[in-house]
Amino acid sequence: MMRSMYSAVSGLKTHQTKMDVIGNNIANVNTVAFKSSSVVFQDVLYQMTSNASGANAATGTGGVNAKQIGLGVTTGATNLSITTSGAAETTGRAFDIRLSDQSTTNFFVVNNGSENLFTRAGSFYVDGAGNLCMTSTGYTVMGWQVDPTTGNIKKDTVSALRVMQTSNLTSAPEATTQANVSGIIDKNDKDVLSDNGLVKTLTFFDNLGYSYTARFAMKSTGTDGKYTVELEKILNSDGTTFYDAETKKTQDGKTVNVEDIFGKKETNITLGTYKQVQSGYFLAADGKIYVGSSADNNKLLTYSNADNSFTCADRTGPYSLKQVYGISDAMQSKINPPTGTTATVTATVTATGVLTLTGDVADYEIAFSTKDGTFSGVGERDKYKADGTLDKAGSKANTVTLNMSKLGNNPTQFDDITIDFSGLKDADNGGKSTAVMSTGSIDDGVTGKGKKLGAMIGISIDNNGLITGTYDNGNTETLGQIAVAQFANASGLEKVGENCYRTTLNSGEFDGIGVEISADGSSMTSGELEMSNVDLSTEFTQMIITQRGFQANSRIITTSDTLLEELVNLKR
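The model shown is predicted, which means the values in this text are computed figures rather than measured ones. (Residues numbered from 1 in each chain as written. Predicted model: local features only at pLDDT ≥ 70, side-chain atom pairs only at ≥ 80, totals over all residues. Heavy atoms only, no water.)

Q: Honestly, the overall build of the chain in this entry has me stumped. Any pointers?
A: From N to C terminus, the chain includes six helices and 42 strands. Computed over C-alpha atoms, the radius of gyration of the chain comes to 46 Å, more than 25% over the 25 Å expected from 2.2 N^0.38 for 572 residues, which places it beyond the range of a compact globule. Reported as C-alpha extents along the three principal axes, the dimensions of the chain are approximately 165 × 50 × 45 Å. Looking at the chain residue by residue over its 572 residues, the buried ones come to 40%. By sequence separation, contacts in the chain at least 24 residues apart represent 59% of the contacts at least 6 residues apart. Total accessible area on the chain stands at roughly 29300 Å², and carbon and sulfur atoms take up 49% of it. Of the charged side chains in the chain, 47 are positive and 61 negative; the average position of the first set lies 1 Å away from that of the second. (Helix = DSSP H or I, 4+ residues; strand = E, 2+ residues; numbered from the N terminus. Rg over C-alpha atoms; globule rule 2.2 N^0.38 Å. Buried < 20%, exposed > 50% of the residue type's maximum accessible area, 1.4 Å probe, protein only. Contact = heavy atoms within 4.5 Å. Areas by Shrake-Rupley, 256 points an atom, 1.4 Å probe, with all protein chains shown as cover. Lys, Arg positive; Asp, Glu negative; His and termini not counted. Charge placed at Lys NZ, Arg CZ, Asp CG, Glu CD.)

Dropping the structure here:
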């Protein structure tokens, strides 16, 4: 009779254990990546009151089964539903990661400072030291680092992923090595026909990421399908002059010939011809020039080669070439340079009153087909005979080089820039040219473009756990990769709290290296978390079953107590 009471007590204890497990499951219904548990009961010892006996052929009696009385119940096992994934919860946070298993249960590897633990809770953040950590505990997330030699992931022993360490906050600059020119040159464009030319700029980078702007001028040669391009200045990013082609000086006072940087030097080239005078002056048929609107001998102008200006018969003046012919200030300064400098342009006024400007230049000629305006080449100028016929065609190609290596403070400051002009076209565009100069290859606009020093503007994690940094110079760089752990028996892991697990003898060991999650088709999803896999309907059902089981066991105790009471009452 007493055995029944002790059996009932074991039943009460075991059902209480099951209720404890159910309570823990329901308490963690909203815990990230929580795995529910269930209890398995098993019976305990049996008291043998009579052993089994076999059949006896001599006496003709049959065998008798053993007589056993059970002594109650105990907890046989606590099963962990670790292979069942919880539903996905969208958070939108880049460092929230959900593991999607294909054929094997995967775990993040985290470290608490003394040992590696394992978790399914992918709620991470970057701490003050730049480490990727668990938001709940601060445990560092482990993975593989980038091999500094190759830039690829090195899959060896896992270590803490310090994704925002100082070296990752910036991306190395790149010097510009390629540029291109595209668009239309219109021969009727006033800028193309002017002394200053059509000015175009090209902004580029040196090897340290500093930016510079080269200023070029495209001019008409007066011959159909032929233009020139020359370098005027190179400016620093703050607008100060880094190199001046006119003075041939760098900002440090170093003298560098412009033809060594850009252009082919040509001597005694006609730079401009002016056959008309400005309003307020009169060019007579005999080539004489007067102030006013008629041939008045008191207003006759006489040209002086000594100071390149005109004097008037009435002793007024002098009158500059700019006043009479309308040449530009830049051209005037080359004819009449400041004191202490040498004139680079010679002005000649012929007997017919035509002004011709000649001088040495360093430029390249851009040639187009006179038939359809397509680009023919850029390079040396063509040479002509006195009668205007071609003497020697200049060597031309699709590209020319801006030799920036000649200007740097050291040989490695700049890379030479190859400029491709094949994107240009000579066409009538209503007197407006659309030519533009851009860095990068003419094919893709990216190759050789050059980049400034990049500052990190974002971090992303792809489906393979690859962590990539994005920078404001357009670069993307690999920062590391999150490794995962897989076990032969994931259910054998020991729960240690804080959403973490530890290996046991029955789970299998972690090799210290881990695996790439995509090895079996599994993946990581950024911006999502795995929810608890607790099923409330199942838990409530189990709660009812457990309650009834507890009630039934309590009834055994009360019934046994009644029987004992009856036995005691026999004495009365």
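Resuming the write-up.
Q: What should I look at first to understand the sheet that holds strand β32 (residues 399–402) in this one?
A: In any sheet, the strands associate via hydrogen bonds between backbone groups, in a parallel or an antiparallel arrangement. The strand order across the open sheet built from four strands is β32-β33-β14-β34, with neighbouring strands paired in mixed fashion. Edge positions in the open sheet fall to β32 and β34 (436–439), since each of these has one partner strand only. Strand-to-strand twist in this sheet, taken as the mean axis angle between neighbours without regard to direction, amounts to 25°. (Pairing = 2+ DSSP bridges. Axes fitted to C-alpha atoms, helices over the stretch in contact; angles between N-to-C directions.)

Q: Please clarify how the side chain of K35 should be interpreted in this entry.
A: Relative to the assigned elements, K35 resides in the loop between α1 (2–27) and β1 (37–43). Among the residues examined, K35 registers a relative accessible area of 0% and is labelled buried. At 2.9 Å, the side chain of K35 and the backbone oxygen of T84 are in polar contact. Side chain to side chain, K35 and E530 meet in a polar contact 2.4 Å long. The residues touching K35, leaving out its near neighbours within four places in the chain, are L80, S81, I82, T84, S85, G86, R120, K495, Y501, E530 and N533. (Polar contact = N/O pair within 3.5 Å; in protein donor to acceptor, adjacent residues only side chain to side chain.)

Q: Hey, could you run me through the pattern of salt bridges in this one?
A: Where charged atoms of side chains with opposite charge meet at close range, the side chains can pair. A full pass over the atoms with the stated rule returns 20 salt bridges. With its nearest N and O atoms 2.7 Å apart, the salt bridge here joins R120 to D101. Within this pair, whereas R120 is found in the loop between β8 (116–119) and β9 (124–126), its partner D101 is found in the loop between β6 (97–100) and β7 (106–111), the two being separated by 19 residues in sequence. Across the pair K383 and E266 runs a salt bridge, and its minimum N-O distance is 3.4 Å. (Salt bridge = Lys/Arg side-chain N within 4 Å of Asp/Glu carboxyl O.)

Q: Could you clarify how one ought to interpret the environment of D329 in this entry?
A: Among the structural elements, D329 can be located in helix α5 (residues 329–335). Note on D329: relative accessible area 52%, which makes it exposed. For the pair D329 and D195, spaced 134 residues apart in sequence, the C-alpha to C-alpha distance is 9.1 Å.

Q: Mind showing me how you'd approach unusual backbone geometry here?
A: Apart from glycine, the bulk of residues carry a negative phi angle, and the bulk of peptide bonds sit in the trans form. In this structure, the amide linkage connecting G317 to the following residue, P318, adopts the cis form with an omega of 0°. Within the secondary structure, P318 sits in the loop between β24 (309–312) and β25 (319–320). With a phi close to 50°, N268 is a non-glycine residue in the positive phi region. Relative to the assigned elements, N268 resides in strand β20 (residues 264–274). Owing to a relative accessible area of 59%, N268 belongs among the exposed residues under this scheme.

Q: Even after reading the chapter, I still don't get the sheet that holds strand β21 (residues 281–283), so can you show me in this structure?
A: Read from one edge to the other, the open sheet built from five strands follows the order β21-β22-β23-β24-β25, with strand pairing classed as antiparallel. The open sheet is flanked by β21 and β25, the only strands paired with a single partner. Sheet topology note: the β21/strand β22 (residues 289–291) ladder contains three bridges and is antiparallel. Pairing of F282 across the sheet is with Y290, part of β22.

Q: For this particular structure, what's the right way to read the packing of aromatic side chains?
A: The way to describe two aromatic rings as a pair is by their centre distance and the angle between their planes. One pass over the full model with this rule turns up 18 aromatic pairs. Ring centres of F108 and F124 lie 5.0 Å apart, and the angle between their planes is 85°; on these two criteria the pair is classed as edge-to-face. Placement of F108 in strand β7 and of F124 in strand β9 is noted, with a sequence separation of 16 residues between them. Accessibility classification places F108 together with F124 in one group, the buried group. Three or more aromatic residues joined by ring pairs form one cluster here, namely F107, F118, F487, Y501 and F510. Over the ring of F41 we find K18; its NZ or CZ atom is 5.6 Å from the centre of that ring. (Phe/Tyr/Trp six-rings, centres within 6.5 Å; stacked < 30°, edge-to-face > 60°. Lys NZ or Arg CZ within 6 Å of the ring centre and 35° of its normal.)

Q: Honestly, the environment of L132 in this entry has me stumped. Any pointers?
A: Here L132 shows up in strand β10 (residues 132–134). Among the residues examined, L132 registers a relative accessible area of 1% and is labelled buried. Residues L132 and M164 lie 32 residues apart in sequence; the distance between their C-alpha atoms is 8.4 Å. Apart from residues no more than four positions distant in its own chain, L132 is found in contact with F95, F124, Y125, V126, Y139, T140, V141, L161, I467 and I482.

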